[in-house]
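Working through the structure, step by step
Single-letter residue listing:
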There are 2 protein chains.
Amino acid sequence: MNKKAVVLLSGGLDSTTTLYVARNEGFDCFTVSFDYGQRHHFELQMAEKQSRKAGAREHLQIQIDPAIFSGSALVDRSLTVPEHQFSQAGIPVTYVPGRNILFLAHALSLAESRNCSVIFTGANVLDYSGYPDCRPEFFSAFAHMARLGTRAGEEGDPVEIRSPLIALNKKEIIELGLTLGVDYSLTSSCYNPDEQGQPCGKCDSCHFRARGFQEANRIDPILA
Amino acid sequence: MNKKAVVLLSGGLDSTTTLYVARNEGFDCFTVSFDYGQRHHFELQMAEKQSRKAGAREHLQIQIDPAIFSGSALVDRSLTVPEHQFSQAGIPVTYVPGRNILFLAHALSLAESRNCSVIFTGANVLDYSGYPDCRPEFFSAFAHMARLGTRAGEEGDPVEIRSPLIALNKKEIIELGLTLGVDYSLTSSCYNPDEQGQPCGKCDSCHFRARGFQEANRIDPILA
């Protein structure tokens, strides 16, 4: 197995930490971000900065046609991003149809054409409690499909998918990232930031981030 | 199960026939084509014409960043599209890394956001002899992954993937299409056509098309 990896990098706290985990394990990293018409466009700038800062080999920002996603609050500006609710059950309205499948499919093509042996994702327990495409079973099924559907898999060298944060909560992710030197001032987590990238402080993602920093006994540098 | 379907429509002979199969089964069709920097851009015009002709509900032409595909002869203009060879073994040089996975991933997002119950593909035996992402096992694995990774699957209503031509050879596909009223003069199969869309007559795809029409005892209308 070679030490080249594709890292899905959204510019948020989880994926940036994941990039540093991959780098720390000695991987030469190819980072990829997606512009799919999301409200939180600011994160794409953060992704590019983090990729450069981490010394990644290549950074690609891929356009995905937002027309195929209509109906999600993260893309469709006629819908409202909900405030965090403690008793929320089921799949959030911020679910984007098949989003992670599309992200992983792009990462897989990139991995195959750049001869990378691993794809790193930042999925973790907080995500997969709500989003079906963040669960460990989903990632296993994707890897199985990829093994059957690619030349790399056919030739006995399938692309591996790793989610090193999968069992960590936000507090643990932040603590891990800080030991690896992540600069969290250059990350964006909010689903609905303002023009300057300032977080709303009310959405699910802001809520989980705030609680993570609180539990880690740290000040979030984007609020400092 | 509702009667709405996404149809992957390349503008070639197989996918156009598949569109007519779906229509004949009573499906309201949403067609989707992909511009990924392929040499055979002419096929995209054919796809759009065929979609309109078949009365599809919507036609989307999706851009895929060709940067992620470097190394395939279908995309990379520094490589040569090989002429057909009878004894060719293994995966063809025209293999594009993870292409069908990306196409299906887009189709899946589209199916979920448009509430379609089925995705139709034109894969068939001639394809899956060479391309790993055209085999029945691959489509099953994709469907399984999609069931786990989407809201539709989570809620017990997974998107089904159908390849109605999977067991047919080119002769049988052409015969089926003609009974359904397909106009093959508006299809393009060549991997390397000239500016006006005229086929090269030498690549794998031209070879299989010519043999199909010959065995069906028909004149190919694009050569008439």
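See the structure shown above.
This text gives an overview of the structure that appears in the document. The model shown is predicted, which means the values in this text are computed figures rather than measured ones. Every chain is numbered on its own, with residues counted from 1 as its sequence reads. All chains are assigned letters beginning at A, and all ligands numbers beginning at 1, according to the order in which they are written. Reporting of local features is limited, given that this is a predicted model, to residues whose pLDDT is at least 70; pairs of side-chain atoms are given and counted only at 80 or more, and all residues count toward the totals for whole chains, interfaces and linings. Think of the side-chain values as coming from all heavy atoms in the structure, minus any hydrogens and water.

**Details of the relation of the copies chain B and chain A**
Stated precisely, the cut-off is as follows: A residue counts toward the fit only if its pLDDT is at least 70 in both copies, and the copies are then superposed by least squares on the C-alpha atoms of those residues. Should any heavy atoms of two residues lie within 4.5 Å, those residues are counted as being in contact.
If you rotate chain B by 180° and push it 0.0 Å along the axis, it lands on chain A with an RMSD of 0.0 Å. Here the two chains are linked by the operation of a two-fold rotation axis. Counting the interface residues of chain B, we find that 100% of their copies in chain A are interface residues as well, pointing to one common contact surface.

**Points about the sheet that holds strand β4 (residues 118-120) of chain A**
All names here are of chain A. Cut-off, in case you're wondering: In this scheme, strands are said to pair when DSSP sees at least two bridges between them. By definition, any uninterrupted DSSP run of H or I lasting at least four residues is a helix, any uninterrupted run of E lasting at least two residues is a strand, and each is numbered from the N terminus. Axis geometry follows a simple rule: fit a line to the C-alpha atoms, using only the stretch in contact for helices, then measure angles between N-to-C directions, giving values from 0 to 180 degrees.
The parallel open sheet is built from five strands, whose spatial order is β3-β2-β1-β4-β5. Looking at strand neighbours, the two that pair on one side only are β3 (58-63) and β5 (160-162), the edges of this open sheet. Between one strand and the next, the sheet's axes are offset by a mean angle of 25°, whatever the strand orientation.

**Notes on the packing of helix α7 (residues 170-180) of chain B against helix α8 (residues 204-215) of chain B**
A pair of packed helices is characterised by two quantities: the angle between their axes and the separation of those axes. All names here are of chain B. The following threshold applies: Each crossing is labelled by how the near helix is turned from the far one, with a counterclockwise turn of less than a right angle marking it left-handed and a clockwise turn marking it right-handed. Lys, Arg, Asp and Glu make up the charged group, whereas Ala, Val, Leu, Ile, Met, Phe, Trp, Tyr, Cys and Pro make up the nonpolar group; the residues left over, Gly among them, are polar.
Put simply, α7 and α8 touch, their axes get as near as 8 Å, and they point 65° apart. Regarding α7 and α8, the two cross each other, and that crossing is right-handed. The segment α7 lies against α8, with Lys 170, Lys 171 and Ile 174 engaging Phe 208, Arg 209, Gly 212, Phe 213 and Glu 215. A class-by-class count of the residues in the contact of α7 with α8 yields three nonpolar, one polar and four charged.

**Here we look at the pairing of strand β3 (residues 58-63) of chain B**
Here is the key point about a regular strand: its side chains alternate between the two faces of the sheet. Residues and elements named next belong to chain B. Under the convention used in this document: Classification remark: right-handed applies to a crossover when, strands pointing away from the viewer, the course from the first strand over the helix to the second runs clockwise.
Where strand β2 (residues 28-35) lies against β3, six bridges are found, and the strand directions are parallel. The residue of β3 that forms the bridge with Asp 35 is Gln 63. Chirality of the crossover, the property in question, places the unit of β2, helix α2 (residues 42-53) and β3 among those that are right-handed.

**What to know about the packing of helix α5 (residues 136-149) of chain A against helix α5 (residues 136-149) of chain B**
Under the convention used in this document: Roughly parallel here means an angle under 35 degrees, roughly antiparallel means over 145, roughly perpendicular means 65 to 115, and every remaining angle is called oblique.
At a minimum axis separation of 9 Å, α5(A) and α5(B) run at an interaxial angle of 165°. The orientation of α5(A) with respect to α5(B), classified from their angle, is roughly antiparallel. In the packing of α5(A) onto α5(B), the handedness of the crossing is left-handed. Here Glu137(A), Phe138(A), Ala141(A), Phe142(A), His144(A), Met145(A), Leu148(A) and Gly149(A) of α5(A) come into contact with α5(B), specifically with Glu137(B), Phe138(B), Ala141(B), Phe142(B), His144(B), Met145(B), Leu148(B) and Gly149(B). Classifying every residue of the contact of α5(A) with α5(B) gives ten nonpolar, four polar and two charged.

These results come straight from atomic positions and should not be treated as a statement about function.
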